[in-house]
Amino acid sequence: MKTSVQAGTSLLSNKIYMRVYSAFATATFGDWFDALAIQVLVGYRWQASPLMLALIPVSLALPGILLGSVAGVAADRLNKLKLMRICDLLTAILTVLVLFAPNMLWLLPLLALRAAISTLNVPAQQSLTRSIVREDQLLQATSLNGIVNQGSKVAGPLLGGLALSILSPQWCILLNAGFRTCSYLLLLTVKNIQAVEVNPASAVKEESIPLRTMWREGWSFIWRSRLLLNTMLFGVVGALAIQMIDFQFTSLFRLIAPDKESLLGWLVAASGAGALLSIMAMNKINHGAGYGWKLGTGYALLGAAFGGLGLLQPGVSITPVLLLGFLLGIGNGMFIITFNYCLQKETPPHMTGRIFGIQSTILSGVMIGAPLLGGLLVQNAGPNRIFVIFGIVIAVIGGVGLLFGRVLWPVEKENEVSSEVPF
């Protein structure tokens, strides 16, 4: 029998959430070993061109376009915990197979297949969190998830860089497979989930709704919710600019620090530290103060950091890299936490999986064309110039969010829950 989490109890005393959170933290930490190892393997060892580097995010995004919305429906309809277990186990197996990839032609399909599994995992994890966490604890839960993501950016690259100095990139990839296996084992210990049931009658009715109808209702809900629609559009516009250069850090650092593979790891670690500080600060901010200034400031800081990195010259010392990485993290933490919290807060619990699945589809669509175009631009014009140009573009987008925040995200309507979707 399902019972509600008692009001007044701390989120940290929610044993079910903490086990799910621990599994998520373990998997996320391992992913950063993997991501850094693949960048070093492809960028420094295989000397891949900027265009070939751009194919990595494309291979990661394609499954999200094809499966994102369907995965969101599945997360709302199927057993979320079982989905997460299956995803962790299959991801561990595919990560082991990545070890044997001899070149990009083998690596890209394996990364795409592994990303397809993650397409199911993300909405399942978000939907499960929404069902086991009370409304008043959503910001805290979102912040804790963000702390894991950003904290792993500090510890992951530092330990990953240390591991890369001793071991090969393949060993770091194997470590990720081990972390995924541990996450799977942690999820096996989760029993008898006690869900926060906001409307039991509607939850029962959900089980009888056809999958296609659920899929349409998710898109319809976003279309009719001005706040969610504006949030999605603002995120997509910024993501278009960011994804132009997000996977070209290796091209930039290969130019300004050709003999310092670890410098890229230091940038990511500094970014994680900045994001952690930003998340902890935002957790203290009254979340009713409006989304616009937080999302706009996040993009403005990201743009300043990208532009600053483009101004770095060969032989640069570690100090400006750390400072710009820290600024990058502050902007990233502010935007991501606000964006995810907005989707969680403004979505009914029974539709959370669908909304995050749709978000995955939309952002994956951005990652198909933008990285390829960015790779071509970097290959022809050089990474420094392209980083400066798109840094300015991202900062301008942030400025639009700051100037028109009250129009795009009306403060008085932030707490409204749409009742137009028929159930």
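Residues numbered from 1 in each chain as written. Predicted model: local features only at pLDDT ≥ 70, side-chain atom pairs only at ≥ 80, totals over all residues. Heavy atoms only, no water.

K.L.:
Is there a simple way to think about the overall build of the protein in this case?
P.N.:
Secondary structure summary: the protein contains 16 helices and 0 strands in total. Counting every position in the protein, which comprises 423 residues, the buried fraction comes to 55%. Long-range contacts, defined here as pairs at least 24 residues apart, represent 89% of the contacts in the protein between residues at least 6 apart. Summed over all atoms, the accessible surface of the protein reaches about 17,800 Å², with 68% contributed by carbon and sulfur. (Helix = DSSP H or I, 4+ residues; strand = E, 2+ residues; numbered from the N terminus. Buried < 20%, exposed > 50% of the residue type's maximum accessible area, 1.4 Å probe, protein only. Contact = heavy atoms within 4.5 Å. Areas by Shrake-Rupley, 256 points an atom, 1.4 Å probe, with all protein chains shown as cover.)

K.L.:
In this structure, what is going on with helix α1 (residues 15-45)? I would like to understand it.
P.N.:
Structural remark: α-helix, 3.6 residues per turn; residues separated by three or four positions point the same way. Helix length check: α1 (31 residues) gives 44 Å between terminal C-alpha atoms against 45 Å at 1.5 Å per residue, within 8%. Q47 occupies a position one or two residues after α1 and carries a positive phi of about 55°. (Expected span 1.5 Å × (residues − 1).)

K.L.:
Can you help me understand the packing of helix α10 (residues 249-256) against helix α15 (residues 383-403) in this one?
P.N.:
For any two helices packed against each other, the geometry is given by the interaxial angle and the distance between the axes. For the pair α10 and α15, interaxial distance at closest approach is 9 Å and the crossing angle is 130°. With respect to α15, the axis of α10 lies oblique. Handedness of the α10/α15 crossing: left-handed. Contacts between α10 and α15 involve F249, S251, L252, L255 and I256 from the former and P383, N384 and F387 from the latter. Within the contact of α10 with α15, the residues separate by chemical class into 6 nonpolar, 2 polar and no charged. (Axes fitted to C-alpha atoms, helices over the stretch in contact; angles between N-to-C directions. Parallel < 35°, antiparallel > 145°, perpendicular 65-115°, else oblique. Left-handed = near helix turned anticlockwise from the far one by under 90°. Nonpolar A, V, L, I, M, F, W, Y, C, P; charged D, E, K, R; others polar.)

K.L.:
Is there a simple way to explain helix α6 (residues 169-188) in this structure?
P.N.:
Helix length check: α6, at 20 residues, gives a terminal C-alpha distance of 29 Å against a target of 28 Å (1.5 Å per residue), a fit within 8%. Every buried residue of α6 is accounted for by P169, C172, I173, N176, A177, R180, S183 and L187. Along α6, the residues classed as buried sweep out an arc of 155° about the axis, all on the same side. (Arc of directions from axis to C-beta.)

K.L.:
Looking at this structure, I do not really get a nonpolar patch on the surface. What am I missing?
P.N.:
A grouping of I86, L89, L90, I93, V96, L97, F100, W171 and L174 is seen on the molecular surface, where their side chains present a nonpolar patch of about 840 Å² in accessible area. Of all elements in the fold, only α3 (80-98) and α6 reach the threshold of two or more residues within the nonpolar patch. For the nonpolar patch, the leading source of residues is α3, giving 6 residues. Mapping L174 onto the fold places it in helix α6. (Patch = residues over 30% accessible without salt bridge, like charges linked within 9 Å, V, L, I, M, F, W, Y side chains within 5 Å. Salt bridge = Lys/Arg side-chain N within 4 Å of Asp/Glu carboxyl O.)

K.L.:
It is not clear to me how the nonpolar core should be interpreted in this structure. Could you clarify?
P.N.:
As a rule of thumb, soluble globular proteins bury nonpolar side chains together. Counting residues in each nonpolar core, the largest one holds 71 residues, and the members touching the most others are Y17, F249, F253, Y299, F306 and L309. Among the elements that make up this core, the one with the highest residue count is helix α9 (residues 226-245) (10 residues). Beyond its immediate stretch of four places on either side in the chain, F249 contacts L264, L267, F306, L309, L328 and F387. If you look at the next biggest cluster of nonpolar residues, it comprises 18 residues, including F33, L53, L111 and C172. (Core = buried A, V, L, I, M, F, W, Y, C linked by side-chain atoms within 4.5 Å.)

K.L.:
So what exactly am I meant to see when it comes to the confidence of the model for the protein here?
P.N.:
Any segment with low pLDDT has predicted coordinates that should not be analysed in fine detail. Scored by pLDDT, the protein has a mean of 79; 81% of the residues are at 70 or more. Here residues 1-8 is modelled with pLDDT under 50, and outside its nearest four sequence neighbours on either side it reaches 15 contacts, counting other chains as well. Note that residues 412-423 has pLDDT below 50 and, in this model, 24 contacts with residues that lie over four places away or in other chains. (pLDDT = per-residue confidence, 0-100.)

K.L.:
Explain the packing of aromatic side chains to me, please; I cannot follow it from the model alone.
P.N.:
The description of an aromatic ring pair uses the distance of the two centres, along with the angle that the planes make with each other. Summed over all chains, the structure comprises 8 aromatic pairs. Ring centres of F335 and F339 lie 5.6 Å apart, and the angle between their planes is 15°; on these two criteria the pair is classed as stacked. Here F335 pairs with F339, and both are found in helix α13 (residues 318-345), just 4 residues apart, close to one helical turn. For the residue pair F335 and F339, the accessibility class agrees, reading buried in each case. Following the ring pairs from residue to residue traces out a cluster consisting of F234, Y299, F335, F339 and W409. (Phe/Tyr/Trp six-rings, centres within 6.5 Å; stacked < 30°, edge-to-face > 60°.)

K.L.:
Explain the pattern of salt bridges to me, please; I cannot follow it from the model alone.
P.N.:
Pairing is possible between side chains that carry opposite charge, provided their charged atoms lie close to one another. Inspection of the entire model under this criterion finds 2 salt bridges. Among the salt bridges present, the one from R180 reaches D31, with a minimum N-O distance of 3.1 Å. Of the two residues, R180 sits in helix α6 while D31 sits in helix α1, which places them 149 residues apart along the sequence. Taking the relative accessible area as the measure of exposure, D31 reaches 29% and is therefore partly exposed. Between R180 and D88 there is a salt bridge; the shortest N-O distance is 2.6 Å.

K.L.:
What's the story with the side chain of S183 in this structure? I'm lost.
P.N.:
Here S183 lies in helix α6. Of the polar contacts made by the side chain of S183, one reaches the side chain of D88; its length is 2.6 Å. Ignoring anything within four residues of it in the chain, the contact list for S183 reads A23, F24, T26, A27 and D88. (Polar contact = N/O pair within 3.5 Å; in protein donor to acceptor, adjacent residues only side chain to side chain.)

K.L.:
Which parts of the structure should I look at to understand the environment of P320?
P.N.:
Looking at the secondary structure, you find P320 in helix α13. On the basis of relative accessible area, P320 is assigned to the partly exposed category, the value being 25%.

K.L.:
Explain the side chain of N176 here, please?
P.N.:
Mapped onto the fold, N176 is located in helix α6. Setting aside its immediate chain neighbours within four residues, N176 contacts A27, G30, D31, D34, T95 and R114.

K.L.:
Whenever I open this one, the environment of F249 confuses me. Can you help?
P.N.:
With respect to the secondary-structure elements, F249 resides in helix α10. A relative accessible area of 9% places F249 in the buried class. Through-space distance from the C-alpha of F249 to that of P50 is 9.7 Å; in sequence the pair is 199 residues apart.

K.L.:
Looking at this structure, how should I read the packing of α3 against α6?
P.N.:
Axis separation between α3 and α6 bottoms out at 8 Å; the angle between their running directions is 160°. Overall, the two elements α3 and α6 adopt an arrangement that is roughly antiparallel. For the crossing formed where α3 meets α6, the hand is left-handed. Seen from α3, the contacting residues are L81, M84, R85, D88, L89, T91, A92, T95, V96 and V98; seen from α6, they are I173, N176, A177, R180, T181, S183, Y184, L187 and L188. Of the residues contributing to the contact of α3 with α6, the split by class is 11 nonpolar, 5 polar and 3 charged.

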